[in-house]
Amino acid sequence: FRWGYYPPETFRILLYDEKADHFLLSAPLTRHALQNEYTVTVKEDRITDIQFRYDYLADVPKLLALTVGTILIELAVAYLLGIRKAVALRYIALVNLGTQALLHLGLWFIGFRLGTTGIMQVMRPVFLLPLEALVLGIEAFLYRRKLPKEQHPVRYAVLANLVSYTISLLIP
């Protein structure tokens, strides 16, 4: 056993009953993620039930807001660079929908494994940068294949991702 950033795979919950001046020890439990929530039921001086809870959907509203925000930012950059045809803007939005899903799935997985407080908040820009580089590569490749060359699709991808990445660092 070595205590580090991760709690052990198996552990127990130890409760202290102040009135009775004794401890209650649970059966062995298994770690699911760094940040877990358990509800313990105690009856007649013994632990009778333990319910594990992890809210997998808690981040969905933020994910949707970030995805919509990113698409709007990148469409604004496209418009400023002269990409104004509806078919091109729809394609950019569709590509961004896919790459944002990939990006946020990666961040969610990292957050699930590291927890949403402490180290994850400090390391977010470090984890975000390689994922953003992957997104940039995918978008540049797809835009180069589909958008007209005179619209400089790779330059657009770099600039749009730089703008949206910079803004994302300002969001807590």
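Right, let's walk through the structure included here. Source: prediction; values computed, not measured.

How each quantity is defined
Residues numbered from 1 in each chain as written. Predicted model: local features only at pLDDT ≥ 70, side-chain atom pairs only at ≥ 80, totals over all residues. Heavy atoms only, no water. Helix = DSSP H or I, 4+ residues; strand = E, 2+ residues; numbered from the N terminus. Buried < 20%, exposed > 50% of the residue type's maximum accessible area, 1.4 Å probe, protein only. Contact = heavy atoms within 4.5 Å. Areas by Shrake-Rupley, 256 points an atom, 1.4 Å probe, with all protein chains shown as cover. Pairing = 2+ DSSP bridges. Core = buried A, V, L, I, M, F, W, Y, C linked by side-chain atoms within 4.5 Å. Patch = residues over 30% accessible without salt bridge, like charges linked within 9 Å, V, L, I, M, F, W, Y side chains within 5 Å. Salt bridge = Lys/Arg side-chain N within 4 Å of Asp/Glu carboxyl O. Polar contact = N/O pair within 3.5 Å; in protein donor to acceptor, adjacent residues only side chain to side chain. Phe/Tyr/Trp six-rings, centres within 6.5 Å; stacked < 30°, edge-to-face > 60°.

Before going further, it helps to spend a moment on the overall build of the chain. Counting secondary structure elements, the chain contains four helices and six strands. Beginning at the N terminus, the succession of helices and strands in the chain can be written as β-β-β-β-β-β-α-α-α-α. Every one of the 172 residues in the chain was classed for burial, and the buried ones make up 30%. At a minimum sequence separation of 6, the contacts of the chain that also span at least 24 residues come to 54%. When the accessible surface of the chain is summed, it comes to about 11,500 Å², and 65% of that surface belongs to carbon and sulfur atoms.

Further remarks concern the pairing of strand S6 (residues 46-53). Each regular strand displays side chains that alternate between the two surfaces of the sheet. Examined bridge by bridge, strand S5 (residues 37-43) and S6 share seven bridges and lie antiparallel to one another. Following the sheet pairing, Val40 is matched in S6 by Ile50. What sits between the antiparallel neighbours S5 and S6 is a turn of two residues, in which Glu44 has the positive phi angle 50°.

Within the largest apolar cluster, 13 residues are counted, with the highest numbers of intra-cluster contacts made by Ala78, Ile83, Tyr91, Ile92, Tyr143, Leu147 and Tyr156. Ranked by residue count, the leading element in this core is helix H2 (residues 86-114), at four residues. Residues Leu103, Ile110, Leu128 and Leu131 belong to the second largest nonpolar core, which totals seven residues.

A separate point is unusual backbone geometry. With a phi angle near 55°, Asp21 is a residue other than glycine that sits in the positive phi range. With phi around 60°, Asp45 is a residue other than glycine that occupies positive phi space. By the element assignment, Asp45 lies in the loop between S5 and S6.

Turning our eyes to something else, we now look at a nonpolar patch on the surface. Taken together, the side chains of Leu14, Tyr16, Phe23 and Leu25 define a hydrophobic patch exposed on the protein surface, amounting to about 460 Å² of accessible area. The class of Leu14 is exposed, set by a relative accessible area of 53%.

This brings us to the side chain of Thr70. By secondary structure assignment, the location of Thr70 is in helix H1 (residues 60-80). Given the relative accessible area of 12%, Thr70 is considered buried. Among the polar contacts listed, one links the side chain of Thr70 to the backbone oxygen of Leu66, at a separation of 2.8 Å.

Under the definition given, this model contains five aromatic pairs. Relative to Tyr38, the ring of Phe11 has its centre 5.8 Å away and its plane inclined at 75°; by these criteria the two rings are edge-to-face. Of this pair, Phe11 sits in strand S1 (residues 10-11) while Tyr38 is found in strand S5, placing the two residues 27 residues apart along the sequence. For Tyr38, a relative accessible area of 22% translates into the label partly exposed. When the centroid spacing of 6.2 Å and the interplanar angle of 70° are considered together, the rings of Tyr91 and Tyr143 count as edge-to-face. Highlighted residues: Tyr91 in helix H2 and Tyr143 in helix H3 (residues 119-146), separated in sequence by 52 residues.

As a further point, take the pairing of strand S2 (residues 14-17). The pairing of S2 with strand S3 (residues 22-25) spans four bridges and is classified as antiparallel. Bridge assignment links Leu15 to a residue of S3, and that residue is Leu24. Connecting S2 to the next strand, S3, in antiparallel fashion are four residues, including Asp21 with a positive phi near 55°.

In short, shape yes, function no, at least from these values alone.
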